[in-house]
Amino acid sequence: MNYQIRSIRADEWAAAKELRLVALRDPVAHLAFLETYDAAAARPDSFWQERAVGASVGAGGAQQIVAEGPDGEWVGTVTVLLEEAGTTDWAGFPVEQRQGHIVGVFVRPECRGIGLTEVLFDAGLEWAWSREAERVRLIVHEDNGRALRFYGKVGFVATGVVVLLGDAEERELEMVVERP
């Protein structure tokens, strides 16, 4: 595999924006992401700049990791957020222990099936463990079979926690992997 796996730099916000917009055009984006292409594309550059700063090399609370191809093109990404014990998460659930939260998982279709997602997850987990996370979790739509199969394959297990979206017609499932 001839890809570099690394954390983004704050000045790479435009590349992070471009990859996010590509991800939001994926056929299962409506199941995988909590925002639409149109909403993301309408955001000002300042939003993308702040987002990159908060998830770049040296940032303490989050890390965006990318797979960069030999030509410099970003072909995959995963972001890990740190959630502190005693806080409340984005869905209103209490956070009981220091944990990582994986979001924004995407690999370009032409690069799927070659192990990039596994390598990105390994890097994300390594970052979370280095920040003393006790577990890493993610939330996945119950109808996103591709993602559910992958997450199970790399060791994540369902906790039974269900996040209801919209008018409770959309169900997201929490999956976790414990610190080794």
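Further up the page is the structure itself.
Description of the structure in this document. If you're wondering where the values come from, they're calculated on a predicted model, not measured in any experiment.

A look at the packing of aromatic side chains
- Taken as a whole and assessed by the stated rule, the structure comprises 6 aromatic pairs.
- With 5.1 Å between their ring centres and 90 degrees between their planes, F47 and W48 make a pair best called edge-to-face.
- Owing to a relative accessible area of 26%, F47 belongs among the partly exposed residues under this scheme.
- Residue W48 is classed as buried on the basis of its relative accessible area of 3%.
- Pairing F121 with F156 gives two aromatic rings, centres 5.8 Å apart and planes at 85 degrees, and the pair type is edge-to-face. With a gap of 35 residues between them, F121 in helix 5 (residues 116-130) and F156 in the loop between helix 6 (145-153) and strand 6 (157-165) connect regions that are remote in the sequence.

Digging into the nonpolar core
- I102, F121, V136, L138, V140, Y151 and F156 are the most contacted members of the largest nonpolar core, which has 28 residues in total.
- Mapped onto this core, the elements with two or more residues apiece are strand 2 (62-68), strand 3 (74-83), strand 4 (99-107), helix 5, strand 5 (135-141), helix 6 and strand 7 (170-178).
- With 8 residues, the single largest contributor to this core is helix 5.
- Residues within four places of V140 in sequence aside, it is in contact with A147, L148, Y151, R171, E172, L173 and M175.
- Core analysis: the next-biggest nonpolar cluster, separate from the first, contains 14 residues, A23, A29, V66 and W74 among them.

Notes on the sheet that holds strand 1 (residues 4-7)
- With mixed pairing, the 7 strands of this open sheet are ordered in space as 1-2-3-4-5-7-6. The open sheet has two edge strands with one neighbour each: strand 1 and strand 6. Each strand of the sheet is rotated relative to its neighbour by a mean of 25 degrees, with strand direction disregarded.
- Here strand 1 runs beside strand 2; their pairing, made up of 4 bridges, is antiparallel.

Examining unusual backbone geometry
- Of note, the phi angle at E132 is positive, near 65 degrees, even though the residue is not glycine.
- Of note, E132 is situated in the loop between helix 5 and strand 5.

Considerations on the pattern of salt bridges
- What the rule picks out here adds up to 19 salt bridges.
- Of the charged contacts, one joins E84 and R98 as a salt bridge, the two residues approaching to 2.3 Å between their closest N and O atoms. Note that E84 is positioned in the loop between strand 3 and strand 4 and R98 in the loop between strand 3 and strand 4, a separation of 14 residues in sequence.
- One salt bridge connects D89 with R137, and the closest N-O pair in it is separated by 2.6 Å. Here D89 is found in the loop between strand 3 and strand 4, whereas its partner R137 is found in strand 5, with 48 residues between them in sequence. A single burial state applies to D89 and to R137, both of which are buried.
- Here the salt bridges share partners, and the residues they tie into one network are R6, R9, D11, E12 and E68.

The rules behind these values
Residues numbered from 1 in each chain as written. Predicted model: local features only at pLDDT ≥ 70, side-chain atom pairs only at ≥ 80, totals over all residues. Heavy atoms only, no water. Phe/Tyr/Trp six-rings, centres within 6.5 Å; stacked < 30°, edge-to-face > 60°. Buried < 20%, exposed > 50% of the residue type's maximum accessible area, 1.4 Å probe, protein only. Helix = DSSP H or I, 4+ residues; strand = E, 2+ residues; numbered from the N terminus. Core = buried A, V, L, I, M, F, W, Y, C linked by side-chain atoms within 4.5 Å. Contact = heavy atoms within 4.5 Å. Pairing = 2+ DSSP bridges. Axes fitted to C-alpha atoms, helices over the stretch in contact; angles between N-to-C directions. Salt bridge = Lys/Arg side-chain N within 4 Å of Asp/Glu carboxyl O.

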